Amino acid sequence: MIKRPLFLLLVFSLTLFYSCNTQKKAFRAPIKEEGADFLFSKLKENELKYSTFSSKFSADYENGDKKNSFSGQIRIRKDSLIWISISAGLGIEVLRMMISQDSVQFINRINNTYFIGDYNIVNRFLNTNIDYDILQSFLTGNDLSFYENGKFRASLDKDQYKLSTAARMKLKKYVRNSSENERILIQNIWIDPETFKITEADVKELTDPNNKLEADYSQFDHIGAQYFPKEVTFDITADNEIHVKVNFSKIATDLPLQFPFKIPQSYRQVK
């Protein structure tokens, strides 16, 4: 039988041991000031590398008083195609989208219609002005690929690094029309100082700063040897504020993928 003073000493020692270990795990050394070039190199080094990306997802959507939940699948061929299938209850597909660098197509199975056009319909619906690169990067938690990197400034924001710019322009080789040539982005990126993954990002245009797209990334987990956020919250600030919370599952990269998109002959085209 353990004597009481010895028992109390044992309990105290174990408590102190686990408390110290917990403190050590929770402790994070203060981050140091770093330049924008260094942060960009680390960001690019640690971003998700893939030729193809696929995932299932569930999402909660809010637009004013309107709320909805849905699930689906997403497939991406990097810098080329984004394919999204959205399902309602019982896993029945209601919408399928195919997005390329210069076109947007969708099949609406609820009312037997389809659309083939450009990004104007997306931007009218969201009341914003996105392009393929912005959509792809925000979905995968990576930085933009088609825009210049040279005008950022680095700072510390609480326990994260922050990159900010008021003048990010599209690289000339990716400019497809005059409106893209005139687009200047205002952007902020928050970076985790340990993983150098993007934890938060926002973007808006210099000519329309009231319309903003924001993303908040969390629940990071390993996908093979890489790190990926399994939960993303998107906020679109415009005339109507749109809030979408997405949870990813069954994530895979670099698999051979199909992007099926066949419009039934009986469907009616909408403009």
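Residues numbered from 1 in each chain as written. Predicted model: local features only at pLDDT ≥ 70, side-chain atom pairs only at ≥ 80, totals over all residues. Heavy atoms only, no water.

(A) Up close: the nonpolar core. In terms of nonpolar packing, the biggest core is built from 56 residues, with Ile-74, Ile-134, Phe-138 and Leu-163 touching the most fellow members. For this core, the leading source of residues is strand E13 (residues 242-253), giving five residues. Beyond its immediate chain neighbours, meaning those up to four positions away, Phe-138 contacts Ala-201, Asp-202, Val-203, Leu-213, Glu-214, Ala-215, Tyr-217 and Phe-234. Within the second largest apolar cluster, five residues are counted, among which are Leu-81, Trp-83, Met-98 and Phe-259. (Core = buried A, V, L, I, M, F, W, Y, C linked by side-chain atoms within 4.5 Å. Buried < 20%, exposed > 50% of the residue type's maximum accessible area, 1.4 Å probe, protein only. Helix = DSSP H or I, 4+ residues; strand = E, 2+ residues; numbered from the N terminus. Contact = heavy atoms within 4.5 Å.)

(B) Structural detail: the packing of aromatic side chains. Scanning all chains against the criterion turns up eleven aromatic pairs. Relative to Phe-196, the ring of Tyr-161 has its centre 6.2 Å away and its plane inclined at 15 degrees; by these criteria the two rings are stacked. With Tyr-161 in strand E8 (residues 160-169) and Phe-196 in the loop between strand E9 (184-191) and strand E10 (198-205), the pair connects residues that are 35 residues apart, well separated along the chain. Of the two residues examined, Tyr-161 and Phe-196, each falls in the buried class. Taking the centre distance of 5.7 Å and the plane angle of 70 degrees together, the rings of Phe-228 and Phe-248 count as edge-to-face. (Phe/Tyr/Trp six-rings, centres within 6.5 Å; stacked < 30°, edge-to-face > 60°.)

(C) Geometry of helix H4 (residues 132-140). With eight of nine residues buried, H4 is to be regarded as a mostly interior element. For H4, the full list of buried residues reads Tyr-132, Asp-133, Ile-134, Gln-136, Ser-137, Phe-138, Leu-139 and Thr-140. One side-chain oxygen of the residue at the start of H4 lies 3.2 Å from the amide nitrogen of Asp-133, identifying that residue as Asp-131. The positive-phi residue at the C-terminal boundary of H4 is Gly-141, with phi of around 75 degrees. (Polar contact = N/O pair within 3.5 Å; in protein donor to acceptor, adjacent residues only side chain to side chain.)

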